[in-house]
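A closer look at the structure
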Amino acid sequence: MNRFLKQQLDAEATRAPGTITLRHIQKKQIASIIAVLVSGAISNSVSAQEVSAQEVSAQEVSVQKANAQEVNKLSPAQIKEEIARLNQLLQLVEKEQSTQNSSTTTTSTGNTAPQEESKTLGAITVRGAKPIELQHDVPIAISAISGVDLSRDLSQDYSAFTRRAAGITFNQSNTRGASLSVRGIGKRAFAEVQDPSVLTVLDGVSFGLTSLGNFDFYDIDSVEAARGVQGTLGGKGATSGVVSINSKRPSFTPSSDFSLTFGQRDSLLVQAAQGGPLIDGLLAWRGAISINKIGGSYYNEFDRNYSFYNRARVAGRTQFLLTPDPDLRIRFSLDVNPHAPQLENGLTIRKDTPLKYDNGTLVDANGTSPRAKLFGFENANNAITAGPRDWFVGRQFGGRDYKYYGDYVPLAGSTEHPIAFNENQGQTVSVKGASTEVNWDVANHTFTSLTAWRKYSFDAHNDEGTPYDISLNGGGGVYFKQYSQEFRINSKPGGVLDYQAGLFYLQTRDDVVSKTGWGSDAGAWFATAAQYNLLDTNAAANRGAGRAILSEVLDNAVKRGDTFVETKSLALFGQADWHLNDQLTLTSGLRVSKEDRSSEDVVVLDNNGRGAAFNPVAIRGYDLGGFAANGSGVLASNNSVQQLAVADAIATRYYGIALNAGELPGTAYNKLSVAQKAQVGAARAIRNAQIGQLIKPIKSTYKDTLYAFNFTPNYRINDDISVYASVQYGDKSGTGYNVNGVSRNVKPEHTSGVEFGAKTFLLNKTLTLNADIYAARIKDYQQAVRLVDQFQTDLNIVNGLADPLAYISAQGNVNKVGIHGLELDASYSGIPNLNIRFGGVYNLAKYLDYKNAPKTDELNYLTQQYIDLSGQRLPSAPKFTGNLGLDYRIPVFGNHYLHSSLNAAYISETNITDNNSLFGRVGGYTLFDASIGLSKANDSFDVSLVVKNLTNKNAHEVGWASYTPEAYRRWAGIKLSAKL
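Thresholds, definitions, all that
Residues numbered from 1 in each chain as written. Predicted model: local features only at pLDDT ≥ 70, side-chain atom pairs only at ≥ 80, totals over all residues. Heavy atoms only, no water. Core = buried A, V, L, I, M, F, W, Y, C linked by side-chain atoms within 4.5 Å. Buried < 20%, exposed > 50% of the residue type's maximum accessible area, 1.4 Å probe, protein only. Helix = DSSP H or I, 4+ residues; strand = E, 2+ residues; numbered from the N terminus. Contact = heavy atoms within 4.5 Å. Patch = residues over 30% accessible without salt bridge, like charges linked within 9 Å, V, L, I, M, F, W, Y side chains within 5 Å. Areas by Shrake-Rupley, 256 points an atom, 1.4 Å probe, with all protein chains shown as cover. Salt bridge = Lys/Arg side-chain N within 4 Å of Asp/Glu carboxyl O. Pairing = 2+ DSSP bridges. Arc of directions from axis to C-beta. Polar contact = N/O pair within 3.5 Å; in protein donor to acceptor, adjacent residues only side chain to side chain. pLDDT = per-residue confidence, 0-100. Phe/Tyr/Trp six-rings, centres within 6.5 Å; stacked < 30°, edge-to-face > 60°. Lys NZ or Arg CZ within 6 Å of the ring centre and 35° of its normal.

1. Thoughts on the nonpolar core
Counting residues in each nonpolar core, the largest one holds 40 residues, and the members touching the most others are L374, I549, F614, F627, Y655 and V680. Sorting the residues of this core by element identifies α10 (404-408), α11 (522-526), α12 (529-537), α13 (543-552), α14 (641-655), α15 (667-670) and α16 (674-691) as the ones contributing at least two each. If we ignore the near neighbours within four places in the chain, the residues touching L374 are P388, F392, Y402, Y404, Y408, Y468 and W525. Counting 29 residues, the second-largest nonpolar core is a separate cluster that includes L150, L180, V223 and V243.

Next comes the structure, spelled out in structure tokens:
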């Protein structure tokens, strides 16, 4: 393949991953590509009838035979398809040249005929090509996965992608909370105010939230993962990396694909795609649909119709390509994932916490743990001093008594995982989007406009983990939408200076909802041991009244919080490649963005429920209608007539003491005994503790100018080996943020890094080997930290406390984080019928200065508010990760192929808790996926057995009070696929 052609292909692969633009390539160059394909066809036993010898001269085949291994792993059908398309393009090039010589060509109707060649050449995809080879001249650390590989193994989500690209970690959670990490950076909690460190891009559209991609991806052409600071080439910037998913685009070449999979756990997976011309030379389309229905590996024993981490996903996308002019291409896209419920929250296996801390003090000193409530309270001498609370004894679910051991936690030595709770609505999620992309070739440049809109919703209904009526309609919600507009200009490659520049605008609005609802068992569950004893165990004659109060004090009350996050980001970006000579290229890029962000918080008591009479008088300016009394239930002297009427209503309802005619307000209540008033005081304390803080609307704003740049010399030693060095810098936006109703912004994050890499073709181009070493320092790293609670501290000062300082865990900044490591990415095709890809990463991500970390569960006995995590590794940042992929394909039965694949992903020991608890460690493990199948030589039909998590891996943390098992256990299915 001649050097000019290779530069064209490499440049286009960089600009539009997964596609190769052939515009301006001469007839001889197209013939050269055909020659490579023909050579590959010969090596893959394509018959002479399928590839005509007249399609390319013998001389061209001879010249290109050495490069045939670049495509020798394509299937015969793929080779044949590309040869046919390229021959058509060759004819169209000839037609265009003749058209140029004779002005215009007219149709029978007299209109100027559209020149399909110019339109279709703008986005020709070489299907099945090894993506790693297309990145040979790209001077950054990048991994690539072909859509063919992903489709074969039914790999269609974040988790599957990361198992095929070392150094990229998927942080498992529900659809809202899952995140991506690159080089150990990127894990975050449920903090929508915080930008992702690892950006997700779908067909050029940047996602403002990683959650927008926590669905199935389908009809994929390729996936690429770039590491390090990104943003000078457009889109939204990222400080740790970018994962780009590229869907198959509309084409004027007809195609039709269909697959149907049946498997364990009532699985049904359907994927279909079809496309081709609607109006020859003017309008093409492509439509794709994905249905993913599969039961989870764990069942809710309260109702086995519900399983955890089930999939109930239906998605569809349609695209149209309009080519009204040879130099103008307009693509419209619309995709929808309708609302569907999935049960993800609640996959929690409870366990006994240790009885004592390391200093000998009791972990549960007040008898408030689930064990104390359901089994009994154990004192420091290991003696059960109080049995289970009568409230929860003898309650039957599923025809038997619910017990602590065997129902809430597993029996000793049992392999069963008891999970039973009554709030089964799960999490309802949806995402939808639309985009318009315009590419216009003019004056040796390409102008691009990409306009996009996306909307995401997440609505959770959570439970505390028992079948009792404790939590009611609780959980969180996210209602997010974004609009983006990008304008970009690219010079045509091949000159001394190649460049691109543009403007990117992103506007987002997010309503993050938190809900807490209580049921009729909540009062007995959340009461302390002393409060429960007053109202039930030791209530004697007042026990009936006490139990009625426990039932109603929280029942049907709802607390709601809203965080309204708005962002506006406007960025200028540009990058240039200066080719000093054939060997040396200097690449430099700059991005400058203006950020305008705000975050507004409000927390209200949305519904009083049945226990409104036990409300406090007010909380932070919200009048709740309660009366004033001390902790023993004795009325204060400053109650209004209305407040005293509320107190009298309690006396009447629960104790049968009514206000007689002529008696002053408050008289009925004051007739209560000391014990009865103490019960009221306990109930008020229970309700007040659960309501907690309410917050009047408060808004924080953040405005800033952020920068990113890179400088990268790239030296081509020869056609097979190039080396590069890169200096990178990037800012991650801070945000307006409120902590307990007080404005406290999060500072921006600053990443500085260096990278040295080599990209090589070895062993007669059968081995592609890319390697790099890197180091980076991050100042003001954003994550949850321990902060002074300014509101509570000020309140403590007013109340005259000797030590008024109060603390809270919230989003903030770690002073300094450092990472360094080594990465390897390779592919080998030197063994007949076998393709091997492998990657490995050594990464050390550590806190360099983090002295204000929240205490872990096992250190809660410490009197100091902070612990020092300086020198410790970051959470979910394994030292070693690796992946190995084996693909074997051999002809059988004349015109069939037997194929098999194995993918192994290794993750070394890591800690998945945000505060590095000793109980959050997960040992190293390897996860295997495999498939074996038989296909016809033209790929018109294929049947495969696909197995995920082949060894049934179930690695998980030890857990302090609970742990989460592997969500996706071993699964096997039969996949039937066809192409027309």
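2. A few points about a nonpolar patch on the surface
On the surface, L590, Y707, F709, F711, V727, V754, F756, I773 and L822 cluster together into a nonpolar patch covering about 800 Å² of accessible area. Of all the secondary-structure elements, those providing two or more residues to the nonpolar patch are β28 (695-716) and β32 (749-762). Tallying contributions element by element places β28 first for the nonpolar patch, with 3 residues. Mapping V754 onto the fold places it in strand β32.

3. A few points about the pairing of strand β8 (residues 255-263)
One ladder, built from 9 bridges, connects β8 with strand β9 (residues 267-279); its direction is antiparallel. Among the inter-strand pairings, S256 is bridged to a residue of β9, identified as Q274. In textbook terms, the turn of a hairpin is the stretch between consecutive antiparallel strands, and for β8 and β9 this stretch comprises 3 residues, one of which, R265, has a positive phi near 60°. Examined bridge by bridge, β8 and strand β43 (residues 971-979) share 7 bridges and lie antiparallel to one another. When the sheet's bridge partners are listed, D257 is paired in β43 with K979.

4. Section: the environment of F308
By secondary structure assignment, the location of F308 is in strand β12 (residues 307-308). Looking at F308, the relative accessible area reads 0%, which means it is buried. Placed 13 residues apart in sequence, F308 and G295 show a C-alpha to C-alpha distance of 7.7 Å. Those residues in contact with F308 that sit more than four places away from it in its chain are G296, S297, Y298, Y299, N300, L343, E344, N345, G346, L347, I419 and F421.

5. Let's talk about α12
Restricting attention to buried positions, one finds in α12 the residues Q531, Y532, L535 and D536. All buried residues of α12 project into a common sector of 95° when viewed along the axis, lining one side. The inward-facing, buried residues of α12 abut α11, α13 and α16.

6. Section: the side chain of R183
Among the secondary structure elements, R183 is positioned in the loop between β3 (179-182) and β4 (198-202). Of note is the side chain of R183, whose polar atom sits 3.1 Å from the side chain of E755. Those residues in contact with R183 that lie beyond four places of it in its chain are A141, G167, R227, G228, E755, D772, Y774, I819, E823, N843 and A845.

7. Some thoughts on unusual backbone geometry
One non-glycine residue with positive phi stands out, namely D780, at about 60°. Structurally, D780 is set in strand β33 (residues 767-788). Looking at D780, the relative accessible area reads 8%, which means it is buried. Even without being glycine, N916 reaches a positive phi, approximately 60°. Residue placement: N916 occurs in the loop between β38 (910-911) and β39 (921-922). Of the residues examined, N916 reaches a relative accessible area of 11% and is grouped as buried.

8. Let's talk about the pattern of salt bridges
Enumeration over the complete set of coordinates arrives at 47 salt bridges. Measuring nitrogen to oxygen at the nearest pair gives 2.8 Å for the salt bridge that ties R176 to E192. Within this pair, whereas R176 is found in the loop between β2 (168-171) and β3, its partner E192 is found in the loop between β3 and β4, the two being separated by 16 residues in sequence. You can call R176 buried: its relative accessible area is 10%. What makes E192 buried here is its relative accessible area of 8%. Across the pair R597 and D195 runs a salt bridge, and its minimum N-O distance is 2.7 Å. Here D195 lies in the loop between β3 and β4 and R597 lies in strand β25 (residues 584-607), a separation of 402 residues in the sequence. R597 gets classed as buried once you look at its relative accessible area, which sits at 3%. Within this structure, D149, R152, D153, R163, R164, D887 and D929 form a network of salt bridges that share partners.

9. Some remarks on the sheet that holds strand β1 (residues 142-146)
Taken together, 5 strands build an open sheet; the order of strands is β1-β6-β7-β4-β5 and the sheet is mixed. Either end of the sheet is taken by a strand with one partner, and the two such strands are β1 and β5 (205-206). Direction of pairing for strand β6 (residues 220-227) relative to strand β7 (residues 241-247): antiparallel, over a ladder of 7 bridges. Paired with A226 across the strands is V242, a residue of β7.

10. Things to note about helix α17 (residues 790-798)
Taking the backbone nitrogen of F791 as reference, a side-chain oxygen 3.4 Å away marks D789 as the first, capping residue of α17. Phi turns positive, to about 75°, at G800, one or two residues after α17.

11. Some thoughts on the confidence of the model for the chain
Summarising the model, the chain shows a mean pLDDT of 86, and 86% of its residues fall at 70 or more. Mean pLDDT in the chain bottoms out at helix α5 (residues 116-120), which sits at 31, and peaks at α13, which reaches 97. Throughout residues 1-29 the model reports pLDDT below 50, and contacts reaching past four residues in sequence, or to other chains, amount to 76 contacts. Predicted confidence is poor over residues 36-73, with pLDDT under 50, and the contacts of this stretch with residues over four places away or in other chains come to 66 contacts.

12. Examining the packing of aromatic side chains
The way to describe two aromatic rings as a pair is by their centre distance and the angle between their planes. Counting across every chain of the model gives 27 aromatic pairs. Summarising the aromatic geometry, the rings of Y402 and Y468 are spaced 5.4 Å apart at their centres and angled 85° between planes, so their arrangement reads as edge-to-face. Remark: Y468 occurs in the loop between β21 (445-461) and β22 (475-491) and Y402 occurs in the loop between β19 (400-401) and α10; sequence separation between them is 66 residues. Each member of the pair, Y402 as well as Y468, is classed as buried. Here the aromatic residues F302, F392, F397, Y402, Y468 and W525 are joined through ring pairs into a cluster of three or more. Looking at R889, its charged tip hangs above the ring of Y897, at a distance of 4.3 Å from the centre.

13. Describing the pairing of β21
Most of β21 sits inside the fold, with 13 of its 17 residues counted as buried. As judged from the 17 bridges shared by strand β20 (residues 426-442) and β21, these two strands associate in the antiparallel manner. Following the sheet pairing, V431 is matched in β21 by Y456. Counting the residues in the hairpin turn of β20 and β21 gives 2 residues, including A443, whose phi is positive at 50°. When β21 meets β22, the two strands line up antiparallel, connected through 15 bridges. When the bridges of β22 are listed, W453 appears paired with Y483.

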